[in-house]
Amino acid sequence: MKGYLARHAQVLVATLGQFARHPAATAATILMIGVTIALPTGLYVGLHNLERLSHGWHRGDGLTVYLHRGRSDARALAAIRRLPGVRAVRYTSPQKGLAEFERRSGFGKVLTVLRHNPLPGVVTVSLRGASPARLHTLAATLRRLPDVGHVQSNRLWLERLNATLRLGRRLVMILAVLLGLALVLILGNTTRVAVANRADEIEVIRLVGGTDAFIRRPFLYTGALIGAFGALCAWALITLGLAVLSGPVQRLDTLYASHYGLVGLGGGSALRLVLLCAALGWLGARLAVGRRLARGRA
Amino acid sequence: MIECQHVFKRYPGGNEALSDVSFMLEAGEMAFLTGHSGAGKSTLLKLISLIERPTRGQIIVNNHNLGRLPPRRTPRFRRQIGVVFQDNKLLNDRTVFDNVALPLVVAGVTGDEIRKRVQAALDKVGLLARARSHPLMLSGGEQQRVGIARAIAHRPSLLIADEPTGNLDAAMSDEIIDLFRDFNDHGVTVLIATHDWRHIARCQKRVIELGAGHLVTAA
């Protein structure tokens, strides 16, 4: 067992040495793999951020009711409170709405030109157990109230977004599978070339009693390590991309008075990515070297 | 040590390299395998070292019936024999030391044991001082001696050589053959393919002669 581990450690060191002797070629392969992996992974990260955003909105899940201007907001509010299925209401008076709008939009000065406050009173209604059916029923009931002007379902919009995100996730998955296949093919081809370059060495190793496993081992290590380094490269590319985006996102956050920020690839996901890519690299190398070794066996 | 029984080898295309070859080489013996170019010497050595398999017939080497040895057992079998090639098949991007260490490395020998055995083998062929050199920095005779050191590093009981002196001048050739005789004196069974009758006359060892794929003499 100790000898077995020592042999593997030896191959690992030898493989890294091989990389160090051909830094340009190794870097090019790693970068190629990195870009290949960064594409679906980057999309995944982007999608994940969008999903976080929509999760944030889930909390505001419910209905927004715009009241008629110039009527009694108090009466409307009381009527809404009495409706079955309503869990809580939050009322924003026209004055408060205007103040908030001034603060957030930066149109403060312009708004003073208006003689009347153009905003209606707004009631945000949250529901007990907000199933889409209940939401629709309640929206219809609300629309029939005399003091209600307009009812808007946050939920419908959210569901459309979620459906779009689901589609996006599916697309990312397809892309990931295709580019995973590309990774296997790239490393398969790299290995094929490497095996051809070392045909003499393979022949001699065979002649002095080296097993196929012994011959395969350095190629498998190369494939797995290039895959892993490629994944790290992809991770670096994505982190870099997020760093470039973080400035504008922060600005947006400030403008929307929100605090989403961007999340990158977490440690666990990054580790999974590295392991997955190492496995795919190993697979590509295994397929290529296996095909080659099947020839010339006595 | 080596027992061939009615061995035939036919290559695709109908070329019959060996037909009905039978002979026996006892453990501890040394013999020259001779014959003109194309007589089947190399083919016979390839069959004995399991680089190729016979079309018909039985070959038993070191108590292994090669016909019954599955391909996955081939590497383990090869570790029991040492083979010297005419073109020495050294790896030019590795040092002399690493070349000689190769059969030990593939057999799973590690660390200090490798160093000891490689030094012993290089000492035997008189190249201990060139351990850090690369093969291309050595003369033809020295390269061939590295090949021999590699063939004996794992202490095989059978040593096979295919035209080991083919590319060397007379003095170097004699040195090489003397090395083989020395191994034989230490109990190693030796089979050398050569078409150089000078060695055969000089050494007074057994001669197995092939002619057009047939056994001519096995005395």
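For clarity, every value in this text was computed on a predicted model and none was experimentally measured. (Residues numbered from 1 in each chain as written. Chains lettered and ligands numbered in written order. Predicted model: local features only at pLDDT ≥ 70, side-chain atom pairs only at ≥ 80, totals over all residues. Heavy atoms only, no water.)

Chemist: I would appreciate a short explanation of the interface of chain B and chain A in the present structure.
Modeler: For an interface, size is often stated in terms of accessible area lost upon the parts coming together. Taken together, the contacts link 19 residues of chain B with 15 residues of chain A. Contact between chain B and chain A buries roughly 1,600 Å² in total, counting both sides, with carbon and sulfur atoms accounting for 69%. Three residues, B:Arg78, B:Lys89 and B:Val106, lead the burial of chain B against chain A; their summed loss comes to 28% of the area buried on that side. There are 2 salt bridges connecting chain B and chain A. (Contact = heavy atoms within 4.5 Å. Buried area = accessible area lost by both parts, 1.4 Å probe. Salt bridge = Lys/Arg side-chain N within 4 Å of Asp/Glu carboxyl O.)

Chemist: Would you take a moment to explain the confidence of the model for chain A for this structure?
Modeler: Any residue range with low pLDDT should be treated as having predicted coordinates unsuitable for detailed reading. Confidence in the prediction of chain A, expressed as mean pLDDT, is 84, and 92% of residues score 70 or more. Confidence, read as mean pLDDT per element, is least for helix 5 (residues 108-111) of chain A in chain A (68) and greatest for helix 10 (residues 267-294) of chain A (91). (pLDDT = per-residue confidence, 0-100. Helix = DSSP H or I, 4+ residues; strand = E, 2+ residues; numbered from the N terminus.)

Chemist: Would you mind showing me how to read the sheet that holds strand 8 (residues 189-193) of chain B here?
Modeler: Note on sheets: strands pair through backbone hydrogen bonds, and any given pair is parallel or antiparallel. Residues and elements named next belong to chain B. The 6 strands lie next to each other as 6-7-8-3-9-10, forming an open sheet whose pairing is mixed. Two strands lie at the open edges of the sheet, namely strand 6 (81-84) and strand 10 (214-217), each paired on one side alone. Across the sheet, the mean angle separating the axes of adjacent strands is 20 degrees when strand polarity is ignored. Taken together, the 4 bridges between strand 3 (residues 30-34) and strand 8 define a ladder with parallel strand orientation. Directly across from phenylalanine 32, in strand 8, lies its bridge partner isoleucine 192. Sheet strands in contact with helix 1 (residues 41-48) are strand 3, strand 6, strand 7 (158-162), strand 8 and strand 9 (206-211), and its direction is about 150 degrees off that of strand 7. (Pairing = 2+ DSSP bridges. Axes fitted to C-alpha atoms, helices over the stretch in contact; angles between N-to-C directions.)

Chemist: Help me out: how do you make sense of the packing of helix 8 (residues 199-207) of chain A against helix 9 (residues 212-255) of chain A in this one?
Modeler: Pairs of packed helices are described in terms of their axes, by the angle between the two and the distance that separates them. Residue and element names in this part refer to chain A. With their axes 9 Å apart at the nearest point, helix 8 and helix 9 run at an angle of 150 degrees to one another. The pairing of helix 8 with helix 9 is recorded here as roughly antiparallel in orientation. Between helix 8 and helix 9 lies a crossing of right-handed hand. Where helix 8 approaches helix 9, its residues Ile202, Ile205 and Arg206 are matched on the opposing element by Asp212, Phe214, Ile215 and Phe219. Looking at the contact of helix 8 with helix 9 residue by residue, the class counts come to 5 nonpolar, no polar and 2 charged. (Parallel < 35°, antiparallel > 145°, perpendicular 65-115°, else oblique. Left-handed = near helix turned anticlockwise from the far one by under 90°. Nonpolar A, V, L, I, M, F, W, Y, C, P; charged D, E, K, R; others polar.)

Chemist: I keep staring at the pairing of strand 3 of chain B and nothing clicks. Help me out?
Modeler: For a regular strand, the rule is simple: side chains alternate between the two faces of the sheet. All names here are of chain B. Of all 5 residues making up strand 3, 5 are buried, and the element is well covered by its neighbours. Here strand 3 shows two buried faces, one formed by Met30, Phe32 and Thr34 and the other by Ala31 and Leu33. Summarising the sheet, strand 3 and strand 9 pair through 4 bridges and their orientation is parallel. Among the inter-strand pairings, phenylalanine 32 is bridged to a residue of strand 9, identified as valine 207. (Buried < 20%, exposed > 50% of the residue type's maximum accessible area, 1.4 Å probe, protein only.)

Chemist: Would you mind going over the side chain of A:Thr191 with me for this structure?
Modeler: All names here are of chain A. Mapped onto the elements, threonine 191 comes out in helix 7 (residues 154-197). For threonine 191, a relative accessible area of 6% puts it in the buried group. A polar contact of 2.5 Å, which involves the side chain of threonine 191, links it to the backbone oxygen of leucine 187. Setting aside its immediate chain neighbours within four residues, threonine 191 contacts Phe219, Ala285, Ala288 and Val289. (Polar contact = N/O pair within 3.5 Å; in protein donor to acceptor, adjacent residues only side chain to side chain.)

Chemist: What is the right way to look at empty space enclosed by the protein in this model?
Modeler: Which parts of space are left empty comes out when a probe the size of a water molecule is rolled across the atoms. Per the stated rule, a full pass over the model turns up 1 cavity of 30 Å³ or more. Reported here for the largest cavity is a volume of approximately 60 Å³. As for the largest cavity, its lining consists of A:Leu207, A:Val208, B:Arg78, B:Ile81, B:Gly82, B:Val83, B:Pro103, B:Arg150, B:Ala151 and B:His154. Mapped by element, the contributors of at least two residues to the lining of the largest cavity are strand 6 and helix 5 (140-152) of chain B. When residues in the lining of the largest cavity are grouped by element, the largest group, 3 residues, is from strand 6 of chain B. Of the residues contributing to the lining of the largest cavity, the split by class is 6 nonpolar, 2 polar and 2 charged. (1 Å grid on protein atoms, 1.4 Å probe; cavity = no way out; pocket = protein on both sides within 12 Å on 5 of 7 lines; lining within 4 Å. Points joined across faces, edges and corners; volume = space filled by probe spheres on them.)

Chemist: Help me understand helix 3 (residues 73-82) of chain A in this model?
Modeler: The α-helix advances 3.6 residues per turn, and as a result positions three or four apart in sequence lie on the same side. Residues and elements named next belong to chain A. Asp73, Ala76, Leu77, Ala79 and Ile80 are the residues of helix 3 that are buried. Down the axis, helix 3 shows its buried residues gathered within 160 degrees of arc, on one side only. With respect to the buried face of helix 3, the exposed residues turned more than 90 degrees away are Ala74, Arg81 and Arg82. (Arc of directions from axis to C-beta.)

Chemist: Would you mind showing me how to read the pattern of salt bridges here?
Modeler: It is possible for side chains of opposite charge to pair when their charged atoms get near one another. Evaluated as defined, the whole model comprises 19 salt bridges over all chains. With its nearest N and O atoms 2.3 Å apart, the salt bridge here joins A:Glu201 to B:Arg94. Highlighted residues: A:Glu201 in helix 8 and B:Arg94 in the loop between strand 6 and helix 3 (96-106), drawn from two different chains. Taking relative accessible area as the criterion, B:Arg94 reaches 23% and is therefore assigned partly exposed. In this structure, the salt-bridge partner of B:Arg202 is B:Asp174, at a minimum N-O distance of 3.5 Å. Residue B:Arg202 is located in helix 7 (residues 197-203), and its partner B:Asp174 is located in helix 6 (residues 170-185); the two are separated by 28 residues in the primary sequence. Via salt bridges that share partners, B:Asp174, B:Asp178, B:Arg181, B:Arg198 and B:Arg202 belong to a single interconnected network.

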